Amino acid sequence: MKIDASKPLEYSTEENSNKIFGFWVFLGAEIALFATLFTVYFVMVDRFASGPSGPDIFEIGPVMIETLLLLTSSFTIGLAVHAMRHGYQKAMMVFFGLTLLMGLGFLGIEIMEFVTYVHEGATLQTSGFLSSLFVLLGTHGAHVTFGFLWGAAILIQLKRQGITPATANKSFIFSLYWHFLDVVWIFIFSFVYLKGLM
Amino acid sequence: MDWDKFKVHGEPLIYGAMASIVLATIGIIVGLTYFKKWGYLWREWLTTVDHKRIGIMYILAALLMLFRGGVDAIMMKLQTAAPDMKFLDAQHYNEVFTTHGLIMILFMAMPFIIGLMNVIVPLQIGARDVAFPRLNAVSFWLFFFGAMLLNISFVIGGSPDAGWSAYFPLASLEFSPTVGNNYYSLALQISGIGTLITGVNFIVTILKMRAPGMKLMKMPMFTWSVLITNVIIVFAFPVLTVALALMMFDRLFGSQFFTMANGGMDMLWANLFWVWGHPEVYIVVLPAFGIYSEIIATFSKKNLYGYTSMVFSMLIISLLSFLVWAHHFYTMGQGAMVNSFFSITTMAIAVPTGVKIFNWLFTLRKGRISFTTPMLYSLAFIPIFTIGGVTGVMLAMASADYQYHNTMFLVAHFHYVLIPGAVFAVIAGFHYWFPKVFGFRLNERLGKHAFWWIVISFNVSFFPLFLLGLMGMTRRQYTYSAETGFGPLSMVSFVGAIGLVVGFVILVYNIYWSTRYEPRDTDGDPWDARTLEWATKSPIPAYNFAVVPNVKTRDAYWSAKQDKVPLFEDKITKIHMPSNTGKPFILGVIFFIAGFSLVFSLWIPAILSGVGILIVMAAMSFDRDHGFYIPAEEVIATEKKLRGETV
Ligand code: HEM
Ligand SMILES: [Cu+2]
């Protein structure tokens, strides 16, 4: 493997830069995926049949905390990559770990929220609106869950192997993924919750 | 547990199929054990990451599926050959046309093309491999096990029966209570994920791994078509992913996406399906255009006419393909404005397609044409596809479509586009590239026999359907009475279908015959061809090129031969290769188990296999095998041997 020292570690081999490019292409597909889910949601948003509508169930409090957690975690994963570029393994791992913890916090709140909805009689089966809401939020949540597991695997590799072209590459790609989830959440926050509460 | 769910009742055909599946499986297992081939199979094929072998496996699977889809087709033709036939009942006919359509498009045409693209594209761009060889294996095994999942539906639980487009509410639990449409959603989902990964892999391969000097506008036309196709895949397949997931939620968890009450909306399915479904037909047809461009240029001994306009017309087609989906349901009450928009965009596609047809004709003009088998298919494609295209424009007129909608006219139209546009193309490509992969040609005489059987029978079988459609025979109709007058033409169509079978049998026999008797090639360039894949030896060494070629012109190999431009200037050095791995295969197996469990709502195995999938993925992430090097001496020795020199 040829290592090109003039480039950042995560780009330093041909394989590495191909992986990053490939991941961008994959994110293109992810954008198409979420765009479709949002479209489905917008089509369904007024079709709540005899079930509750958005304003009936949405609560701004937990959603604000979720947003705060995810935005902060997007910032900390940025710091982790920054630390990686400087070769500070310890700092990198701390920021990386914090990111994952916040992701976990986000998931906890989301699950609690789902439980509340279901207790209020708002289930996947109730109406077209709720089906699309649960699937949109659930897909994002599943992405965060997968991100958590994936990130944990990378963290272990960082611990074992240190910052190498391979681990740097993985961490960087993970950071792209995490930022992407954050962007999707901002759309959910604005067009599902804020618009729904208005 | 309710064992009855697994059973498919009654039909002797199904018992026959069960028996043959069991016998074939036992046969394979016994054969492999007897000849001690398990290790070989595992080491050389199931764990391979070599793009050529993966391509071959795709093509083999596609040929198998062509057989399965063909059997379905013949059963349908037999059932409608005469009035009041009693061969299939209505339910069985529904299942057969559904699996026929699904299999032909998703598990035959597309994988065949992906197979050719796997074998050829890295060679055409002078690369040693695809960008992500292991992911490539993952793609293949997901496709393969997705296909298998759909196939077992015939004998376990029941096939999908709501058409390949699975319109709601027909496909809902209420109207399709068997597990058939669960199979539909899961089998397509699994293989679809594989296809999406292929899309990503080949975009990176083509954009980042071309040999030095190969600018985008110097790429061979097949590679161009594959690049554009993969871009369509990356944007279209996520829509299918979502649609299938929603279908699964509706059928398995009682959500209300496509229901008729509680705020559900059946038209949402139609829209999602065709937003993916229309681009899908271009996913199979654009690479076909690429194949024809290569073949026509090679056998006319001329540069492809209008290279730039070929590329741009493909780009325009790919954009338009996303803007026409609603032409599939003009009659479902979407209003005149919407219909007009989709009518105009649909007809617009005829323009870039026409440009391509004229480019091929101009390439042929004054060429030194040799009528080889692949060339014959390419020449037959032009007029037949044009008939398909013209009838397509007829269908594109929204107001007129109220007349043709859901009649045999439509069935004739799409077979007139798909068979020359996809099937002839993959057969032509198969004959054309066969000597590259195996080092000998298919027999030309047998090839031409098969060709004439296929082309003539195709027209005999499908032209009558235009007339039947205009006479009012509806599509997906399993029987009719003598008074309708559909009998005679339907019988002609059946006879044509039998002719097609004869053609395919000759084609397969040709593979067998040629393997035994055709003389072997010596220089790897039997057709005196133009593009880089012919610059390496046949059969292709694992590393493709001992030295990476330096490209200076379009049709680089041709100019290397004509103008004595050197292609290989560097010295032979050690070559990096990825190691084989069994994980993609295992991943495929687990996906299969997960899919099967979900089809029957067996939650515990489903959850366990979900965990299994994560474990295999983690194992892939922790894997630190970075491949190995083939030393320069070994490469030199291999090259000498391929040149026929003794080492
Ligand atoms: C081998 C020759 C073939 C024959 C004899 C044949 C025959 C038929 C027949 C009889 C139908 C059902 C018409 C109806 O009752 O609705 C049908 C449907 C269909 N065929 Fe073929 N076909 C052939 C090859 C292909 C190929 C190569 C493709 C695609 C690449 C294809 C794609 C389809 C599709 C998508 C449908 C619609 C299925 C549905 O209605 O859900 N066919 N074909
Ligand atoms: Cu269409």
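Attention in this report is confined to the structure presented alongside it. (Residues numbered from 1 in each chain as written. Chains lettered and ligands numbered in written order. Predicted model: local features only at pLDDT ≥ 70, side-chain atom pairs only at ≥ 80, totals over all residues. Heavy atoms only, no water.)

Considering the overall build of chain B
Counted only if it meets this: Secondary structure elements are taken from DSSP: a helix is a run of H or I of four residues or more, a strand is a run of E of two residues or more, and numbering for both begins at the N terminus. Between the two quantities, the radius of gyration covers C-alpha atoms and the globule rule is 2.2 Å times the number of residues to the power 0.38. Burial classes follow relative accessibility: with a 1.4 Å probe on protein chains only, a residue under 20% of its type's maximum area counts as buried, one over 50% as exposed, and anything between as partly exposed.
For chain B, the count of helices and strands is 20 helices and two strands. Scaling as 2.2 N^0.38, a compact globule of 647 residues should have a C-alpha radius of gyration of about 26 Å, and chain B matches this with 25 Å. Seen through its C-alpha atoms, chain B measures out along the principal axes to roughly 70 × 60 × 45 Å. The 647 residues of chain B split such that 60% are buried.

So, the coordination of the iron atom of ligand 1
Residues and elements named next belong to chain B. Convention followed: The rule for donors is simple: an N, O or S atom within 2.8 Å of the metal counts, and for Na, K and Ca the reach is 3.2 Å. Water is not among the atoms, so a site may look short of donors. For a four-donor site, all angles between 85 and 135 degrees give tetrahedral; for four or six donors, opposite pairs above 155 degrees with the remaining angles between 65 and 115 give square planar or octahedral; all remaining cases count as irregular.
Within the protein, the atoms that donate to the iron atom of ligand 1 are His100 (NE2) and His415 (NE2), at distances of 2.0 to 2.1 Å. Coordination at the iron atom of ligand 1 is octahedral: its six donor atoms span angles of 86 to 179 degrees at the metal. Here histidine 415 lies in helix α14 (residues 408-438) and histidine 100 lies in helix α4 (residues 90-124), a separation of 315 residues in the sequence. Residue class for histidine 100 comes out buried when judged on its relative accessible area of 12%.

Here's the deal with the site of ligand 1
Residue and element names in this part refer to chain B. Our working definition: Only a single heavy atom is needed: when it lies within 4 Å of a molecule or strand, its residue is near that molecule or strand. Side-chain atoms alone can form a polar contact between residues adjacent in sequence; in general such a contact is a pair of N or O atoms within 3.5 Å, and within protein one must be able to donate a hydrogen while the other accepts it. In this count, Pro and Cys sit with the nonpolar residues alongside Ala, Val, Leu, Ile, Met, Phe, Trp and Tyr, while Asp, Glu, Lys and Arg are called charged and the others, Gly among them, polar.
In the vicinity of ligand 1, 23 residues are found, and the nearest of them are Tyr93, His100, Trp164, His415 and Arg476. Take arginine 476: an N or O atom from its main chain is 2.7 Å from an oxygen atom of ligand 1. Secondary structure elements with two or more residues in the shell around ligand 1: α3 (51-80), α4 and α14. Of all the elements, α4 adds the most residues to the shell around ligand 1, at seven residues. Its residues assigned to classes, the shell around ligand 1 comprises 15 nonpolar, five polar and three charged.

Describing the interface of chain A and chain B
Stated formally: Every residue pair with non-hydrogen atoms within 4.5 Å of one another is taken to be in contact. Using a 1.4 Å probe, buried area is obtained as the accessible area two parts lose upon being combined, added over both of them. By convention in these notes, a salt bridge is any Lys or Arg side-chain nitrogen within 4 Å of a carboxyl oxygen on Asp or Glu.
With 36 residues of chain A at the contact, the number on the chain B side is 35 residues. Overall, the association of chain A and chain B removes approximately 3,000 Å² of surface from exposure, summing both partners, and the carbon and sulfur fraction of that is 74%. For the pair chain A and chain B, the number of links is zero salt bridges. Put simply, chain A and chain B have eight residue pairs in polar contact (both at pLDDT 80 or more) between them. If you list the elements that add at least two residues to the side of chain A that touches chain B, you get α1 (14-44) and α5 (128-161) of chain A. Per-element tally for the side of chain A that touches chain B: the top contributor is α1 of chain A, with 17 residues. Within the side of chain A that touches chain B, the residues separate by chemical class into 18 nonpolar, 13 polar and five charged.

Considerations on the side chain of threonine 372 of chain B
Residues and elements named next belong to chain B. By secondary structure assignment, the location of threonine 372 is in the loop between α11 (350-364) and α12 (373-396). On the accessibility criterion, threonine 372 (11% relative accessible area) is buried. Beyond its immediate stretch of four places on either side in the chain, threonine 372 contacts Phe299, Glu444, Lys448 and Trp527.

Concerning the pattern of salt bridges
Taken as a whole and judged by the stated rule, the model has twelve salt bridges over all chains. Between arginine 85 of chain A and glutamate 10 of chain A there is a salt bridge; the shortest N-O distance is 2.4 Å. With arginine 85 of chain A in helix α3 (residues 60-85) and glutamate 10 of chain A in the segment before α1, this pair connects stretches of sequence that are 75 residues apart. For arginine 85 of chain A, a relative accessible area of 47% puts it in the partly exposed group. Across the pair aspartate 623 of chain B and lysine 583 of chain B runs a salt bridge whose closest N-O atoms are separated by 2.8 Å. Here aspartate 623 of chain B is found in the loop between α19 (603-622) and β2 (628-630), whereas its partner lysine 583 of chain B is found in helix α18 (residues 583-599), with 40 residues between them in sequence. With relative accessibility at 24%, the residue aspartate 623 of chain B sits in the partly exposed group. Through salt bridges with shared partners, a single ionic network connects Arg134, Lys583 and Asp623 of chain B.

Notes on the coordination of the copper ion (ligand 2)
Residue and element names in this part refer to chain B. With distances of 1.6 to 2.0 Å, the protein atoms coordinating the copper ion (ligand 2) are His278 (ND1), His327 (NE2) and His328 (NE2). Read N to C, the donor residues that coordinate the copper ion (ligand 2) are spaced as H-x48-H-H. Under the relative-accessibility criterion, histidine 327 is labelled buried at 15%. Given a relative accessible area of 23%, histidine 328 falls into the partly exposed group.

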